[in-house]
Every structure is written in structure tokens, then in C-alpha cells.
There are 2 protein chains.
Amino acid sequence: MKIAVLGYGTVGRSICKYIEGDSRDIQIAYVLRRPGKATEPFMTEDFDEILNDPSVGIVVDALSGKIDSYDYMKRALLAGKHVVTANKAALAYAMEELCTIAAKKEVQLKYEASSGGTIPIVSEIISTTHTNYLSSVYGILNGTSNFILDKMINEGSDFAATLKEAQELGYAEADPTADIGGFDVKNKIMILASTAYHGFVTSDFPVSGIEKLTKEILDEYAAEGKTIKLMGISVRNDNDYALGVVPCVIGKDQLEAHVPLNNNMITLVGDMCGEIKLYGQGAGGSPTADALLRDIYSIFNSVNVDVEFQFFRKLRYVPEMLKGSAYIGGTKYEGTLEELVKIAEEKNQFIAFECPEICK
Amino acid sequence: MKIAVLGYGTVGRSICKYIEGDSRDIQIAYVLRRPGKATEPFMTEDFDEILNDPSVGIVVDALSGKIDSYDYMKRALLAGKHVVTANKAALAYAMEELCTIAAKKEVQLKYEASSGGTIPIVSEIISTTHTNYLSSVYGILNGTSNFILDKMINEGSDFAATLKEAQELGYAEADPTADIGGFDVKNKIMILASTAYHGFVTSDFPVSGIEKLTKEILDEYAAEGKTIKLMGISVRNDNDYALGVVPCVIGKDQLEAHVPLNNNMITLVGDMCGEIKLYGQGAGGSPTADALLRDIYSIFNSVNVDVEFQFFRKLRYVPEMLKGSAYIGGTKYEGTLEELVKIAEEKNQFIAFECPEICK
């Protein structure tokens, strides 16, 4: 089987290196690079060359740009090629459209690498839904913000200094907005909730990040045996659901409180399995490449684990399903997460949400 | 597809109930019960009736006895039927023989339910090995002993009283030897290591349990910010491996220290994925039934995730690969785990092992 890899950054290179050294019958036919960068014979600047080559069975999206990635994935699926992607922004942006095309063209769109890095969360959700009704998916889904929180908690440093350290160490980007503002988690929880609840969630839910967190707030919670973690949360009742991204109050006896550095931990709640938690590296070249490779090999092995799986439900966003209390600027409020995040935005203050579903 | 269920305890009943209520084309053709118990038309006391019915595609082993279970599995595989089992004792006892028959007969022998309860650890190991070299598998693999340790740690109670409470609550059996002595973990770590390292491990490795643990020992470690968990440990280097079951010293900043009640947490270490940890209910009717059902549906869906997977390596037990230090009766010793467990046995004392691989 021949594959084309889009992008030749850390992840793209890692995939090429692995496949070259592997004995299975998979070859890299093309690597798509930006104009002027296609310096080797197997590289191309022309996506149409990939599309028009019928021997290419899988297009592997290892790009970071949202719109480019969306456009390439759509064209590849329309051309009848399987697509494997790590691009959560592009997938969350057009998941319904892309999945619908894949179903129509009878090809696979696989996205293990889009959420939770090396954690096999997508395949685990699909496998779990074969025998379980999932009522909740939530977790620590952003390595950068967890790294910052972990350092702030353990070293007693303040937000600005810790962000700077994270940037110097390569754990945070020069523009950290997507990570610390919760927008990266937003994409991931949309992808995971859609997969878990058999329908497509919409993007109109509350998102709040950790930018306004102070050392003092953390110290106050620490004195009560609690800590703060940025969580993506989703709950579901039949076809109704609610989503949110918000810093949550977590007791020290909960596993999430002890997730170190840039790791992730994701929880599924099913009617037969109870709580399953998966932990691992949420980002990085090697973990992301591993997740992409798993998807590639599962297509190669014809493991259509999602053979029965369809987005058959019409889901409805019901914000009242996520209710709790929150401290905002020293005052306690009760309400839906949507209302609480609105108050925090109006007051320009940090919000610490106590979610009954996950803050036990 | 028709299936036969062996046993009609909590797990067997749960499987029958689920499959009856499910819309997929799977029927319970037989339930094997003990003589005098086959009170319904779909029940039988005669295993040969199941073997001789060519319409039965899968035999589901929900029995607890080791030798009965082994015998039924062997005969079912020889008759060309797929086998799904929850019986870790029978599988660990004859894994090589049973897997060899399954391979020869071109049927599947699936055992997700044998280790880690609802945690999808077997399928995750198989999936991970498609792209990773696994160098270690370890974890908390026994719910009963973890329940006892958790209660002793959090309630400051002593071993005998906690065991009694666990027995009254149904978390420990009347004869708790297999659970608290480490023999249940022994079976599970053998199954997981064999799967992860592509060969069959042997049973000649050190096993020590928690029977001799006292409140005082726990208090001493607590004062140092540490705790004790009963761990199954395996390490591997190419074809060489070492295994052990032993109470380990765990720092409070490690996730394992916070695994509550009767839950399990299992870690895989791979060259690309790094550390992946999976957490969930390690035992119980519903979680075990869920794991068996996943295996049944994966055969039904022809998801042969282990299509490429074989036990192709000839492994060699190298006890020197598990070295560390241990406190035994107040004295610190260094050596291989094998040597240290021998000292503890000679002195008739509790052993707390500090394993460099997992006690960070």
C-alpha cells in the first residue's frame, strides 16, 4: 500500500523514518512540502499529483494549518482515499462534512492523533460504545496548560514566569493563546464527544482558560487539599448533551490532581464499564507519530473497528446539563457553566468551576 | 452467529441479558451449567452437545475453576470454535498450549476479561505492539488487595480487620489467598507480559503478597511521603525478561499511589508512545461481562486486531533484570527481586520493594 504524507515537520519525518524501517508492505510515495522545500525525489509541492495517483491509498495529514488541512482532507476523501489526520483544529471545524464525505465514498477518516496524543482514546471510545452507553467524556487534554499548572503548583511560581519557562523549554508556543485559552481543548472535546455520543456537537459552548490564574488562588485551594486543572467536560443524556472547557477544582485524592508535566488524562463513563481513565503524553513528535501510525496500520490491516459505527444521532445542546458552583474574584456563584463563564468574562476574572460530575 | 456461554454466575447472566437485549445478529444457543442446574430449555449439562453443534461459533468461558475451564477451552479450540475467556488461572496455566491450538485451527482465543477487568489492556497491548517495542508492563492488577491497602492507608486500620471488612462487603473471598498472596496478580502479569513480549513467559518468578503488612509499616512510609501498593512487574530486553509480584514502595506524587478501592492501573512503556497508563474497575460482574462482550463483538465484526500478532519469540527469564532494594523486617537489603523475596520468606517478614523502574 502506498501512502502520501502531508508535511515534513517533526511528525512527518518521524512517520517516514518509521515506515522506511518497517518490513510491512507500506511505502511512502509522496511527501507534500511547501513551495521551494521539495528537495528530494519523493517530495512534491503539488497536491494534485497525489490526488491523481491511483496507487496512493492513504493520505496522512501531518500539517498544522487549519484551512489547508481541511481542504486537503476533503479533496483526498472525495478522490476515494483514506485519510489519517492529527489536525484537531481542521477536524473540529468540519467534522460533520468530512465524516459524511468519508461515509459516502466508503473510505475511512481516522483521527486517533487529533486528541490525547499517544493515548488511544478514539479507538477506545469506539470500542467502548460497541457495548456501552457513554454518559460522559472529560479530561485533561492540553499538555501545555497542564505543564504550566504543574509547575505553578509544585514550584510556587506565578503564571507569567511559568509560561516563559514553558516557552523556553519548547512546551509552549510563541503564541500560546490556543493552549492556555482553552481553544485547543475545545477542539479535542468536540471531537471526542461527537465520537462518544454518535452525533456532531456544535461549537457554541463556554470556554475559559488559565491566563488569569494566580499563585494566590492556587495556594488557597491547596490549603483545602484541592488543586486546579484545565478540563474539557462533556455530559450526555440520550440525544442531549452539554460541553465546556474550564479550569476545575480537583480534590487531591483524585487521579487528575496528580497528572504531571505535559501529560493528559481522559475519562470515559459507561453503563457497563464504569469509569475508564487513560493517561499518557498528550503531545510531542513521537507520541503524535505513533497515533498516526496506529491508524495507518489499522487501515492496512483492514481493521475497520468503526465498521458499525456511525454518527446516526441528531444531538441537541442543552447548557442546563452542566451546572455547578464557581469562585470568581473571591465570590461564589451558582448556575450553569455558560452563565458562570459569562460572569467571569464580564468581571475579567479567573473562574474555578466545581463540577459535580468530576469534582468529587 | 450463535454462541455458548459456560457458567451462569453473575458474569454469565450479565452476558446473556445483554445479548438478548441487543439488536445485532448474535444468539445464545447454550448455557452450560452444572448437573442438576440446567433448568431452562437453552441450558445444558453436556459440553459435547455444544462441541457437536456446528452452528456454535464462539464458546464464552465464564467459569471460575481452572482445570474445567482449561479442558473446555482446549476442546472448543480443537473443534474449531473461537474461544473468549475471563479465566486468568486457566489461561496462565496453559497459555502456550491453547494459543498454539488456536493458531493451528485458525480460530481466535481472546482474553480481554482475564486481566484488568473492564480495562481494555489486552487489545491496547496488541495495538501498541504494532508500532512500538514494549520494554515494560506493570501495574496494580488485583482489586481485592488494593481495596485492603486503600482502607488500611486511609482509615489507619490493621490488616486483619480490613480483610474482614472486605470479606463482609464482598470485595474479598472467604479464602483470600489468591488475592492477598499475589497469585492472582501472578497469572495476570504472565498473560500481559506474554502478550506484550511476543512469547510465553514461565511461572518460575518471585511472588510475595500483602498478608504480613502492618499499620506501622504503612505509617513509616507515609511519614516519608510514600505508600505501598501490590504490583505485578515485568521488564524486557529483546528476548530476555524478568517478572515479579511484590508490594512496592510508591511515592505520593505517582498516580499509582492514588488508585482507590478495588480499581486497577496498568502501565505500558513503549519506544514511541512512552508511558501509557490505563485505569478502571479490575473486577466485578459488569466490568468482566463488558470485557467478554467486547471480545465477542470483535470476533463478530471480524476485527482480527491480532491478525499479524504471533507469539514468535523464544523468551528467556533473566532474574538479574529486576534489581533493587527492599526493607525486610526493618533492615535494608539490595539484590535481585528473587533474592530479596527469598530473604523475606526465610525471615517470615513483609517485603517492601523499591523498584527503580517503577518507584520514581
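Computed from a prediction, not measured in an experiment: that's the story for all the values here.

## Things to note about the pairing of strand β13 (residues 323–328) of chain B
Residue and element names in this part refer to chain B.
For step 1, the next point in the chain: Of the pairings in the sheet, the one linking β13 to strand β14 (residues 331–336) comprises six bridges and is antiparallel in character. Opposite Ala-326, over in β14, you have Tyr-333 as the bridge partner.
For step 2, the next point in the chain: Hairpin connection of β13 to β14: two residues between the antiparallel strands, including Gly-329 at a positive phi of 55°.
For step 3, the next point in the chain: Inspection of the sheet shows β13 paired to strand β15 (residues 351–354) by four bridges, in the antiparallel sense. Bridging across to β15, Ile-328 finds its partner in Ile-351.

## Some points on helix α6 (residues 143–155) of chain A
Residues and elements named next belong to chain A.
For step 1, the next point in the chain: With 13 residues, α6 should cover 18 Å at 1.5 Å per step; its first-to-last C-alpha distance of 18 Å lies within 8% of that length.
For step 2, the next point in the chain: The buried count for α6 comes to 10 of 13 residues, which makes it a mostly enclosed element.
For step 3, the next point in the chain: Here α6 has its buried residues at Gly-143, Thr-144, Ser-145, Asn-146, Phe-147, Ile-148, Leu-149, Asp-150, Lys-151 and Met-152.
For step 4, the next point in the chain: Buried residues belonging to α6 abut β7 (134–140), α7 (159–168), α8 (177–180), α10 (215–223), β8 (226–237) and β10 (263–270).

## Observations regarding the pattern of salt bridges
For step 1, the next point in the chain: With the rule as written, the count across this model stands at 34 salt bridges over all chains.
For step 2, the next point in the chain: For Glu224(A), the salt bridge goes to Lys226(A), with nearest N and O atoms at 3.5 Å.
For step 3, the next point in the chain: Across the salt bridge formed by Lys277(B) and Glu275(B), the nearest N and O atoms sit 3.8 Å from each other.
For step 4, the next point in the chain: For Lys277(B), a relative accessible area of 5% translates into the label buried.
For step 5, the next point in the chain: Salt bridges here are not isolated pairs; linked through shared partners, they connect Asp48(A), Asp71(A) and Arg75(A).

## Here's the deal with the environment of Thr144(B)
Residue and element names in this part refer to chain B.
For step 1, the next point in the chain: Relative to the helices and strands, Thr-144 resides in helix α6 (residues 143–155).
For step 2, the next point in the chain: Spatially, the C-alpha atom of Thr-144 lies 7.3 Å from that of Ile-180, the residues being 36 residues apart in sequence.
For step 3, the next point in the chain: Discounting chain neighbours no more than four positions away, the residues touching Thr-144 are Tyr-171, Ala-172 and Asp-179.

## A few points about the interface of chain B and chain A
For step 1, the next point in the chain: At the junction of the two partners, chain B supplies 40 residues and chain A supplies 40 residues.
For step 2, the next point in the chain: Buried surface at the junction of chain B and chain A, summed over both partners, amounts to about 3,200 Å²; 55% is from carbon and sulfur atoms.
For step 3, the next point in the chain: By the criterion of area lost to chain A, the three top residues of chain B are Leu255(B), Met272(B) and Tyr279(B), representing 21% of everything that side buries.
For step 4, the next point in the chain: Where chain B touches chain A, the interface holds two salt bridges.

Rules used throughout
Residues numbered from 1 in each chain as written. Chains lettered and ligands numbered in written order. Predicted model: local features only at pLDDT ≥ 70, side-chain atom pairs only at ≥ 80, totals over all residues. Heavy atoms only, no water. Pairing = 2+ DSSP bridges. Helix = DSSP H or I, 4+ residues; strand = E, 2+ residues; numbered from the N terminus. Expected span 1.5 Å × (residues − 1). Buried < 20%, exposed > 50% of the residue type's maximum accessible area, 1.4 Å probe, protein only. Contact = heavy atoms within 4.5 Å. Salt bridge = Lys/Arg side-chain N within 4 Å of Asp/Glu carboxyl O. Buried area = accessible area lost by both parts, 1.4 Å probe.

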